[in-house]
Amino acid sequence: MSDLTEQDYHIPIVHALNQFVRHVGHFVAWINVVLVAVILIQVIMRYGFNKAMVPLEELIWHFYAIGFMFGLSYAITTDSHIRVDIVHMNLPKRLQHFFEIVGILIFLLPFLVIIFHHSLEWVMESYRVGESSTSATGLSNRWIIKSVIPLSFFLMFVAAIARLIQETMLFLHLAKDEDEPNIEISGRVSMVRHLFTVQTNNKGA
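Just so you know, these numbers come straight off a predicted model, no measurement behind them. (Residues numbered from 1 in each chain as written. Predicted model: local features only at pLDDT ≥ 70, side-chain atom pairs only at ≥ 80, totals over all residues. Heavy atoms only, no water.)

Novice: Requested: an account of the nonpolar core, with residues and values cited.
Specialist: Of all hydrophobic cores here, the largest spans 24 residues; its most connected members are Phe63, Ile66, Phe70 and Val148. The set of elements that each furnish at least two residues to this core consists of helix H1 (12-29), helix H2 (31-48), helix H3 (54-78), helix H4 (93-129) and helix H6 (148-174). The biggest single contributor to this core is H6, with 8 residues. Counting residues in each nonpolar core, the second largest holds 8 residues, with Val14, Ala162, Met169 and Leu170 among its members. (Core = buried A, V, L, I, M, F, W, Y, C linked by side-chain atoms within 4.5 Å. Buried < 20%, exposed > 50% of the residue type's maximum accessible area, 1.4 Å probe, protein only. Helix = DSSP H or I, 4+ residues; strand = E, 2+ residues; numbered from the N terminus.)

Novice: Give a description of the pattern of salt bridges that names residues and reports values.
Specialist: Evaluated as defined, the whole model comprises 6 salt bridges. Of the charged contacts in the structure, one is a salt bridge between Arg163 and Asp79, with a shortest N-O distance of 3.4 Å. Here the residue Arg163 occupies a position in helix H6, and Asp79 occupies one in the loop between H3 and H4, the gap between them amounting to 84 residues. What makes Arg163 buried here is its relative accessible area of 11%. (Salt bridge = Lys/Arg side-chain N within 4 Å of Asp/Glu carboxyl O.)

Novice: Kindly report on unusual backbone geometry, identifying the contributing residues and their values.
Specialist: Located in the positive-phi region is Asn50, a residue other than glycine, with phi close to 55°. Considering the arrangement of structural elements, one finds Asn50 in the loop between H2 and H3. Assessed through its relative accessible area of 71%, Asn50 is described here as exposed.

Novice: So what's going on with the packing of aromatic side chains? Which residues, and what values?
Specialist: Any pair of aromatic rings gets described here by the distance separating the centres and the angle formed by the planes. Considering all chains together, one arrives at 4 aromatic pairs under this definition. When the ring of Phe98 is compared with that of Phe99, the centres are 5.6 Å apart and the planes differ by 65°; the resulting orientation is edge-to-face. Centre to centre, the rings of Tyr127 and Trp143 are 5.4 Å apart; their planes meet at 90°, and the pair counts as edge-to-face. With Tyr127 in helix H4 and Trp143 in helix H5 (residues 143-146), this pair connects stretches of sequence that are 16 residues apart. (Phe/Tyr/Trp six-rings, centres within 6.5 Å; stacked < 30°, edge-to-face > 60°.)

Novice: Which residues make up the packing of H2 against H3, and what are the values?
Specialist: At their nearest, the axes of H2 and H3 sit 9 Å apart, and the two run at 160° to each other. The orientation of H2 with respect to H3, classified from their angle, is roughly antiparallel. Helix-helix and strand crossings are classified by hand; for H2 and H3 the assignment is left-handed. Here Ile31, Val34, Leu35, Val38, Ile39, Ile41, Gln42 and Arg46 of H2 come into contact with H3, specifically with Leu56, Glu57, Leu59, Ile60, Phe63, Tyr64, Ile66 and Gly67. Here the residues of the contact of H2 with H3 are counted per class, giving 12 nonpolar, 2 polar and 2 charged. (Axes fitted to C-alpha atoms, helices over the stretch in contact; angles between N-to-C directions. Parallel < 35°, antiparallel > 145°, perpendicular 65-115°, else oblique. Left-handed = near helix turned anticlockwise from the far one by under 90°. Contact = heavy atoms within 4.5 Å. Nonpolar A, V, L, I, M, F, W, Y, C, P; charged D, E, K, R; others polar.)

Shown next as structure tokens:
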């Protein structure tokens, strides 16, 4: 079997999880439009009317943080995050999947769980003390922007689980005999097995 690309296979459960993350990512991406509008208003107020507004300045980094944090999970689903592939790309395909699985289990998932757990405490403490901007004219209710941390890390966790399932299924799929014919999914096969089955897209290749 030739090396599979994302366009060559379909794993139902992975597709469903990735679609959820991407839909959220596409929705949140519209905040960049709002970000540009706020920046323009701030520039006009600062240089046109010589009146800088602290709430607008804080909104700018708030909106930027939201777009960046939710963009991380989107990058996981599209495999568009920065990585060093000099060694990885020259390894056999099964070994690539193996190292992806190890990296997700040992490094990514524990990191996401730890930050998610602690960020919940940060949000609750911020809400309890009524944390607000250090500036007298700044924004209040800072717990709202801090809640972006656990929300975005939960979304990253979903994306990471989808990636783990994908890499595991492809690792097992490549372990099969290359000459073994693809078995069509029938109605007698359980839903669980169907969700985790690697279904190759036949495009005449």
